[in-house]
Structure formats: C-alpha cells, structure tokens
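One letter stands for each residue in the lines below.
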Amino acid sequence: MAACGRVQLLLLLTTQFSCVFLTLGFRPQPNVNLHPPLIAINRQLKAGAASSVSQPRRASGWRLAEEACREDASRHCPKHTWNNNLAVLECLQDTKEEIDISTDCNHLLWNYKLNLTTDPKFESVAVEVCKSTISELKECSEEERGKGYLVSCLVDHRGNITEYQCHQYITKMASIVFSDYRLICGFMDKCKEDINTLHCGSITTGDKDLHSQGEVIACLEKALVREAEQQDQAHQIKDTCKKAIMRVAELSSDDFHLDRYLYFSCRNDRERFCENAQAGEGRVYKCLFNHKFEEAMSEKCRDALTTRQKLIAQDYKVSYSLAKACKADLRKYRCNLDTNLPRAREARLSYLLLCLESAVHRGRMVSGECQGEMLDYRRMLMEDFSLSPEIVLHCRGEIESHCSGLHRKGRTLHCLMRVGRGDKGLIDSLCQNALQALIQSADPGADYRIDRALNEACESVIQTACKHIRSGDPMILSCLMEHLYTEKMVEDCEHRLLELQYFISRDWKLDPILYRKCQNDASRLCHMHGWNETSELMPPGAVFSCLYRHAYRTEEQGTRLTRDCKVEVQRVLHQRALDVKLDPELQKRCMTDLGKWCSEKTETGQELECLQDHLEDLVQDCRDVVGNLTELESEDIQIEALLIRACEPVIQSHCHDVADNQIDTGDLMECLVQNKHQKEMNDKCAVGVTHFQLIQMKDFRFSYKFKMACKEDVLKLCPNIKKKVDVVICLSTTVRNDTLQDLKEHRVSLKCRKQLRVEELEMSEDIRLEPELHDLCKKDISRWCSTVMFGNAQVIECLKDNKQHLTHPCHQKVFKLQETEMMDPELDYQLMRVCKQMIKRFCSESDAKNMLHCLKQNKNSELMDPKCKQMITKRQITQSTDYRLNPVLRKACKADIPKFCQNILSKASDDHELEGQVISCLKLKYADQRLSTDCEDQIRVILQESALDYRLDPQLQLHCTVEITNLCAEEAAAQEQTGQVEECLKNNLLKLKNEPCKKEVLNMLKESKADIFVDPVLHTACALDLKHHCAAITPGRGRQMSCLMEALQDKRVRLQPECKKRLQDRIEMWGYAAKVAPAEGFADLAVQVMTSPSKNYILLMIALAVCVLFLVGLLCGRITKRVTRELKDR
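Residues numbered from 1 in each chain as written. Predicted model: local features only at pLDDT ≥ 70, side-chain atom pairs only at ≥ 80, totals over all residues. Heavy atoms only, no water.

### Focus: the overall build of the protein
- In terms of regular secondary structure, the protein is built from 68 helices and zero strands.
- A total of 1130 residues make up the protein; the buried ones form 52% of that total.
- Taking as baseline every contact in the protein between residues at least 6 positions apart, the subset at least 24 positions apart corresponds to 63%.
- Put simply, the protein shows about 55,100 Å² of open surface, and 51% of that area lies on carbon and sulfur atoms. (Helix = DSSP H or I, 4+ residues; strand = E, 2+ residues; numbered from the N terminus. Buried < 20%, exposed > 50% of the residue type's maximum accessible area, 1.4 Å probe, protein only. Contact = heavy atoms within 4.5 Å. Areas by Shrake-Rupley, 256 points an atom, 1.4 Å probe, with all protein chains shown as cover.)

### Focus: the pattern of salt bridges
- One pass over the structure, following the stated rule, counts 66 salt bridges.
- Residue Arg75 is joined to Asp72 by a salt bridge in which the shortest nitrogen-to-oxygen separation is 2.9 Å. Pair noted here: Arg75 and Asp72 are both in helix H3 (residues 70-76), with a separation of three residues, about one helical turn.
- Given the relative accessible area of 52%, Arg75 is considered exposed.
- Notably, a salt bridge pairs Arg524 with Asp521, separated by 2.5 Å at the nearest N-O pair. Of this pair, Arg524 and Asp521 both sit in helix H30 (residues 512-525), three residues apart, roughly one helical turn.
- The buried category is assigned to Asp521, whose relative accessible area is 2%.
- Connected via shared salt-bridge partners are Glu797, Lys800, Asp801, Glu821, Asp828, Lys874 and Arg875. (Salt bridge = Lys/Arg side-chain N within 4 Å of Asp/Glu carboxyl O.)

### Looking at the side chain of Asp896
- Topologically, Asp896 is positioned in helix H54 (residues 896-900).
- A polar contact of 2.7 Å, which involves the side chain of Asp896, links it to the side chain of Ser932.
- The contacts of Asp896, once residues within four sequence positions are left out, are Cys901, Leu922, Leu931, Ser932 and Cys935. (Polar contact = N/O pair within 3.5 Å; in protein donor to acceptor, adjacent residues only side chain to side chain.)

### Digging into the packing of helix H42 (residues 704-717) against helix H43 (residues 724-740)
- Taken N-terminus to C-terminus, the directions of H42 and H43 make an angle of 70 degrees; their axes are 11 Å apart at the nearest point. On the basis of the axis angle, H42 is roughly perpendicular to H43. Read as a crossing pair, H42 and H43 show a hand that is left-handed. Listed contacts from H43 to Phe706, Cys710, Asp713, Val714 and Leu717 of H42 are Lys724, Val727, Val728, Cys730, Leu731 and Thr734. (Axes fitted to C-alpha atoms, helices over the stretch in contact; angles between N-to-C directions. Parallel < 35°, antiparallel > 145°, perpendicular 65-115°, else oblique. Left-handed = near helix turned anticlockwise from the far one by under 90°.)

### Structural notes on unusual backbone geometry
- In this structure, Asn792 is a non-glycine residue whose phi angle is positive, near 60 degrees.
- Residue classification places Asn792 among the buried positions, given a relative accessible area of 12%.
- Its identity as a non-glycine residue notwithstanding, Ala793 has a phi of 60 degrees, on the positive side.
- By relative accessible area, Ala793 is classed as buried at 4%.

### Section: the state of the cysteines
- On inspection of all chains with the given rule, the structure shows 28 disulfides.
- The residue that forms a disulfide with Cys785 is Cys798, at a sulfur-sulfur distance of 2.0 Å. Residues Cys785 and Cys798 are joined through a disulfide that is left-handed, its torsion about the S-S bond being -95 degrees. Here the residue Cys785 occupies a position in the loop between helix H46 (778-784) and helix H47 (794-801), and Cys798 occupies one in helix H47, the gap between them amounting to 13 residues. Note on accessibility: Cys785 and Cys798 belong to one class, buried. (Disulfide = S-S within 2.5 Å.)

### What to know about the nonpolar core
- In this structure, Leu288, Leu349, Leu356, Ile391 and Leu480 are the most contacted members of the largest nonpolar core, which totals 106 residues.
- Not counting the four nearest positions on each side in its chain, Leu288 is found in contact with Phe256, Leu262, Cys266, Asp269, Arg270, Cys274, Met297 and Leu305.
- One finds Cys968, Leu992, Val1001 and Met1004 within the second-largest nonpolar core, a separate group that totals 32 residues. (Core = buried A, V, L, I, M, F, W, Y, C linked by side-chain atoms within 4.5 Å.)

### Description of the packing of aromatic side chains
- Using the criterion set out here, one finds seven aromatic pairs in the structure.
- With 5.9 Å between their ring centres and 65 degrees between their planes, Phe544 and Tyr548 make a pair best called edge-to-face. A residue pair is termed a helical-turn pair when its members lie 3 or 4 positions apart in one helix, as Phe544 and Tyr548 do in helix H31 (residues 542-551) at four residues.
- Judged by relative accessible area, Tyr548 falls into the buried class, the value being 8%.
- Linked through ring pairs, Phe256, Tyr263, Phe264, Tyr285 and Phe289 together constitute an aromatic cluster. (Phe/Tyr/Trp six-rings, centres within 6.5 Å; stacked < 30°, edge-to-face > 60°.)

### A look at the side chain of Asp828
- Within the secondary structure layout, Asp828 lies in the loop between helix H48 (808-823) and helix H49 (829-834).
- In this structure the side chain of Asp828 is engaged in a polar contact, spanning 2.4 Å, whose partner is the side chain of Arg875.
- For Asp828, the residues in contact, after removing those within four places along its chain, are Lys800, Glu821 and Arg875.

### Remarks on helix H35 (residues 606-613)
- When H35 is considered as a whole, its buried residues turn out to be Leu608, Cys610, Leu611 and Gln612.
- Against the buried residues of H35 lie helix H33 (584-589), helix H34 (591-597), helix H36 (620-635) and helix H41 (683-696).

### A look at helix H20 (residues 349-361)
- Between its terminal C-alpha atoms H20 stretches 18 Å, which fits the 18 Å expected from 13 residues at 1.5 Å a residue.
- Counting buried positions over the 13 residues of H20 gives 11, a clear majority of the element.
- Among the residues of H20, Leu349, Tyr351, Leu352, Leu353, Leu354, Cys355, Leu356, Glu357, Ser358, Ala359 and His361 are the ones counted as buried.
- Gly363 sits one or two residues past H20 and shows a positive phi near 85 degrees. (Expected span 1.5 Å × (residues − 1).)

### Re the packing of helix H14 (residues 260-273) against helix H15 (residues 283-290)
- Relative to each other, H14 and H15 sit at 75 degrees, their axes nearing to 11 Å. Classified by the angle between their axes, H14 and H15 sit roughly perpendicular to one another. Counting all contacts with H14, which are made through Leu262, Cys266, Asp269, Arg270 and Phe273, the residues of H15 involved are Val284, Tyr285, Cys287 and Leu288.
- Of the residues assigned to the contact of H14 with H15, the class counts are seven nonpolar, no polar and two charged. (Nonpolar A, V, L, I, M, F, W, Y, C, P; charged D, E, K, R; others polar.)

This is the structure:
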C-alpha cells in the first residue's frame, strides 16, 4: 500500500508537471530528459488509460500518437508533443472546426478522457494531492468513489481550492471534463430528456465529433435563454437541468477554453482582439465582451458571446471575475440572503447590481475591484438590450415596429427609450416597466460612460462644455442638461440625453447627487423606501414631487428640506423644466390636453407654455399640476432655464444682484419686467417675460410676491376672486375708496399696497395684461393697430391715437383707462418711459400723482428732451378733450362747472369725451371774470397753453379743420407750435366763411382781451413795454391789456414798433368782433365795455347819462307832486 501511495504521488507529480507546462503554454523539447522514475510512472499511467481502448500491449510506451490518432497527430500536432499523451489530447481537442478528425481517433480520445475521469488511480491521485481540500469540502468527501464523482465535485468547487498543486491538477482535469458534456458528472442524467426534446444531440456514444459535444451544451444554453425571453411560448426546461446548465456555465467561467462552443466560435477573434489577454479568471471573456460590437468580430462569435452574457444576466456567478471581486461585498451587505425572494431572482445580475448600488448610494464602502466589475456589466446591459429578457419579451412589438436594425452599441435600447418618451407613438406598459427596471439596474446616472450611445453622441459636448468635470463624475449629466438647447449642444447628444433623462426623472434615486443629498429628507418627509426597493403604491416621480413641495415651504408652513437637499432639488427642477416629458406627474395628468391643445407645439419649451395658455380649458387634474408648477416658477423663475438663458445679458447688466441670491422669491422676474425694454433685452427674453406676465393674470397665486404680500387682504376683502387682474381691481378700488374717504386706517395692509402698486405699473405696459380691455378692443386692434407690436404700451397708445374711430365698448374702456392714468400719471407707461430722465431732472421730488403737472410746468425748459416734450403735449391734448381727464382742473372748478356749464353736463355721458365743451364754457366765463379764484387760475393756464398750440383747443380744431388746412397749412406743419396757427386764423378772420369756426376765433379774441398772456404773439411783441410801462400792474382781468391801450393812446409814451403794430391790429379785430358778434346780454356788454380801449370814455359817458337821468327824475318828481296836491285841494 505504501508503494502504491508512492506510485500515486509520483503519478501526481508527473501530471502536475504536464499540467504546468500545458497551462503555461510550454511544450517539452525533444532533448529534454525526464527523471527515469517519472518516465516509468508516466508509462504506467498511459498503459492504464489505454487498457480499455486497445488490445493488450506493452504497458510502457503506449502513445495516442501511435494508435488510431497517428495520422491526425502527425498532421495537426507538433512533433515534440507526440510523446506526451496529454499534449496530444489538448492539441487534437483544440483543432479548428474545419479540420476533420477520423472517427476512430474521436472514439479513442473519448475513451481516453472517460478513463481519465473514472479510473480509480486518478481518484487516488486526487485524494492524495487534494487531501486537505477534500476534508474541507463536505460535498466532495461524501461522494461515492470509483465512478468519477470525486473529480467532478472537485472541478465544481475548484474556486474554493487554495492548495496550489490540487488547483493545478483539477484545472487540467476540468479542461478534459468540459470537452464533452457526457463527461460532466450527473449532467447527462439531469438533461437527457431536454436534450432529446430540443434535438440538441445524442447522448449515446456514436459518430459525434468532439466539436459537436460543445454544441450540445450551447444548444441547451440557448434554449434556457429563449425560455426566459419567450416564457410560455418556449419549451420549459426541467429545473434540475436548468441548475445543471447554469452550473456548467459557472464552472467554465474561469477559463475561456472550458466553454467549448464559445472557444471554437471565437478562436480567431481571440487572436485578433485579445492576443495579449492571459487565460484564466475570465479575462479572455471580458476582452471579447469589450470588442463584441467591433465590425471585425465574426457573427458566430458575437452570438456565442451574447448567449454567455445572457446567462450572466440570469446568474451573476457565470461571470468569474464579478463573482470573485464582489464575493465579500455581497456577503457584507447580505445581497443573497433575502428570504422573501426566490433563489432565481437572487442570482440575477440586476438584483446583485441593485443591492450593491444601493450600498454605494448610501455611502457604504464597496471595494474598488467590485465597483470596477459592476461598471463593466452595467455598461454591458446598456449596450445590448437583448441581455434583458424582460425587454426582449415585452418590447418585441416596439422593436419590430420602430427599432429594427439598430442592435449595436445601445442604439436599440435608446430607440426603445425614445418610444417610451412618446416620440414614436404609444408604448406598452410592460415594455415601459422593463425599460425602467433596466435603467435602474444599469444606473447610468452615476456614470455617463455606462451608456455607450450617450457617451459617443456627447463626446464633443463634454470636451467643450464639461471639460472641467472629472471623467465619469455624475455631474457630467447635470452639465449636459445645463447646456441643453445651447449652441454647444449637438442634435444627436440632445436626443440621447433626453431619452435617458426621461427614465431618470421617473425615479429620483437614479440621480446619485440628488439621492445622496436628499435621502434623509425623503425618508423623513416622503416615506421613501430603500434605494433598491420599489412600491407599486408610489407612482413615478412621487418622491421628487414631495421633495419640491417641501423645498419651497416657508417656516410658517411647516417642515422644510435641509439646505443641501433644497439646492439639489432646485437644480433638478431647473433642468427638468426644459421638457414637459421630464415631469412624470405633468405628462401623466396632461396627456389628453397635450394632444388636444398642444399637438402642434413641438418647439423647445412650447408645450408647457401652451398648457399655461389654455389653463382654463384643461381638465381639473392637469390644471392643478400646471397651476402648481406655474406657482413654483413664480417663486423661482430660474426653473425656466430657457428663459434665464435668453435673458442672460439683461440679468448680467441689470439684475445680477438678485440673480445671485440662492433664494429667489420672485425678485428676479420683477427685475426682468422692470428692465424689459433695456437695450440688452432681446426678443426671446422679452417674449418669455411677457408670456409669464400673461400667465400671472390667470391666477394671483402665480405672482409670488403679490401672493405673499396680499393673501390675507385677498381672503378678507376679495374672497372667491381668483384672476389676478380682478384681484388687483378689487384691492385698488378699496385703496382708492379709503383714500377718498380720508380713513385713518386703510383696510388694505401697507405691504400689500406697495406690491399692488408694482402690479398696477406692470399691467400698464401691455394691453394683454389687462384682459378685459384687450378682449373689448380686439377688433379695433386688428383694424387700426395691426402693425403695432405688443409691449411698451404701444398698442394702448395706438388705440388712444385712434380714439375717434373705436367701437363703443372699446372707446368706453380706453376713456376709463385715460381717466385713471390722468389721476395717477405713474400708471401711464409711455409717459413714464419716454420722460424717465426728465422726471429725474425736474420732478424728482414731486409726488407721483403730480408728475404730469410738474412736467407741464417744465415743458418749455431749454433742457427738456424733445421726445418727452412731445409726449407731454400729447397728454395735454388728451386732457383738453374733457375736464374729467384733468384732475387738477376738475378739483379747482368743481363748483363752477355745474354752475355755469350745466346744460353741457346734462347732455354728456360717462364714457364719452365732451370734446372740450366744458373747458370752452369755462374759458368764456373767465373772459367774463365770473370764475372762482382757483378755477380762474387753472383756466388761465389752459388758455395760455392752448394759445401756443391750437391742438389744445378741441373746439377750435373741430370747427376750423378745413380753414387751418387751407389758410394756415404752413403754420400747422411747424414742428414747434408757438401760436402761429391762432395768429393766422385771427389775421384771416375776414376770410372765414364757416360760422362755427369764425365764432371760435372771435372767442379767442374775446379771451385775449381778458389777459394778454392768452395772446402769445402780442405778449411776445410787447414784453419790453409791459416791463417798462406796466410793471406795477397785476396780471389778469385785462389790467395789463388796459395799461398797454392807455400807453398806446398816450402820445407821450413811445411803444416798440412791433408792439404798437400788434396792438393796432388787435383793436381793429376787436372792433370787427364787436360788429359781427354784438353782445348777447348785459354781462357780455359789461365785459365789452370793461375790456374796451375807450373804457374810461365810455364809463364817463355812462356816468353823465346817469346824472342827467337823475336830474330829470328830480325835476319830474317835483311837477308830479304839485299836480297831486292841486287835485287834493279840489
């Protein structure tokens, strides 16, 4: 027995030396001399192995190369290997497929290998070499001896063998065992029925060559994959055979040579792509996987590799490198101890990846080697959709309809993702779920390089826009999103990015930065499950919706997010706002409305704008989610990333202070509105800002600052009012009433009044921000202002200019608007914009309500801007049409107007101008010197202004249009009006045939007699004479005019020639006026006398007449008394 043991030990050493040589690729050279005892033992080994193959021969010197395989060995194997049976066996086993080996040689090889695996001598060698290993492996120590089970068991557990010699011996035995499925212990018994059913080959010893034996296992593996992909439609392999198939795949995961079918399929490709990759530890497999989609890769090898990858997807242990690298981490994080899951699912690659990714995302330590392996297999899943049986099973229709012919490098997967987005039609829910599960398993959000299609499409963008970020950093995806729709983005990258982000947005955990910063908040506030756990009750995007609702809470509203989490939530919100499909809740609830109202809105950002435009028309669920998002935007307008990009120049120039604030609270949008017409403002920014303003009109909640300042006032004073414009009107009316009634305490709070002012000013900029006015004037706008652009109050100004032509409802509304603006000039957007600098220069200390009055006072200053002066004149013309549009006049003459002009008021309506009739009435009473002091002062100002510009006298302009055109065209065309038109009409008084026009001119003459300031031409001509001769005379009531008339009659006084000429002309005109327009009553007669140049003479004559009448009365009275006495005496 001892001698037997020594022989076995020497036999083992011989085998080990052979194994070492063969494993390392060395071949014994012919001149190498083996130790004599070893040669003898080798001969005995060979003789024993050949005993059942041929008739008894000499025990020593039996060689495979000298028997049935002589010709095959001489043709295919190097001569120096002929003396080594194991070298010849390996040589003939690994011959190319196209080389035929004789049938006799095949049988000899088969029997030789069978004897090697079942011969008790080999078992005894295994027991001797692997003694300590067998004692440690309980399964192997209990195997029955003499049937080859022990060697097969050791091959099964070779991954656990630590003894070097034992491991070398078993490795060589494995190469023999795996060359034929019949040699694998128990495999034939477990899979016999399935092999026959699937026609995978014969289980009897026959004419099958050595290559077909590998195809039997390959056939079973493909059937196993097919079953997973087709389920009920495919043959169901028995569970015992399934385990055997997976076990064989697992055991062959170490050495590329052990998967015989893949070895023969990929031998040339291995030489082409992986020549330097050493065999063992799955290195050749990985190298071939990395080159799977190379153009030079053969289809047969690619198919074999795909089958191998699919088996890995079903059981991660089929990947030697992954199982080895992650063994400790799997045990550490209990990734295969979930008793609630079936064993098959526990072994799935996706389950392993999810479990370990969960640990990484929670900040736990996973070895770098394991993470490297995970990265490789995550990339593998993203490259080839067919490795996910659920996608193959559930997405077959979508692939055939939309994605055929796009298999390589992840293109098919991205095509399916595009279908999932809805860009190519509807997708089945099972397919959608399968895609989502794959994205979660692969987790490309953690490293963009996992997604090969995205990586290749976006490489140029990353190199230019994101080169400052380390390769593989999760922030790369964020950087790409920040540059979406910018000049740096390329179209292909844009598509791949949106396709991936669509699925990442449906599971907040797939954004690793967001998850890391917010996992505690999500657990605390949103009842979040673990990273690798899902809940059917939790809809897509629900956790993130919960997070952003808490992100914008105030302290009064309750628990808020931590600062770091809020920053990340805002980042994600800003990025996802670029596309409505990146908001799962919005897309789900608004799918019908998007199709109904926004099917043609395909440009960037248009879909959300369209939904906001049709807010009132949306179904309730959609309206709620769009309303919430819009309300959120009002607080943080940077969510509108496209708008912020478009407005970058304005922000940098005028709003950089508020833009830098981490908490926006509506300040940035308010700044953009205020600077909407700066030179840095481009069309895109202006359109975006205006659109947001228009959306705010739909609901006061959409204006964050207004909502926060006035929500209590709205609830108290304007309940049940939702539209912002109605709320503004309600609160403004309340403020105005409180002001008019001089209430000590306003019902509207101070902070609300301030914000209300801001809202009123913003609304005055665009007619569309006043929906009622816009709706009533739509027809008028299209008719009279079709070429006028919205914004800058241009359309409103156009309507004012065409007021006489407007329809009644529009005219009425415009008149009310003008009345409001005249009462509060700050609401007159055009006036405030055009005269902005002049207001700073002349009226910086004036109250807002007196702004126009201040500007009018400084209108003729040399420093006055011409454009502003023109705008002031325009507003004066408007005021002259109706006293109600002149608040100062209305207040000063509130007693005089009903007293003297009641007949005009009785015919007036509230919404139509009086065309200056009331003001003309007051002018006449001014000439009669019957007005109150305050009213007289205001009329004097109006007279002075209208005397310089005929356009400020509506009645004159109305009745003398033809005459001005015919007689005074040159004067009317003058850019600067200084009374030339009025002077022209006066000079042509005799030529006027139109009685109403003539009457207006005569009224002007009459008014000028009352005050020389009303006659600017005369006043200018006589300015020096007034200073020299009438300086002590108080202006008004015709006193200075009388002074000049007296000076004219006084021969001692020498007036300026121009003054003298003008006075003489006026006397003639007045004389003519007296003839053609005699006094209509005693009042007119008194006025004419008092304003006559011969006033003293007339008054003297009247006094003499009165005296004479008095004397006559006295005389007549005495006679009457005498006669009466005489009658009494009778």
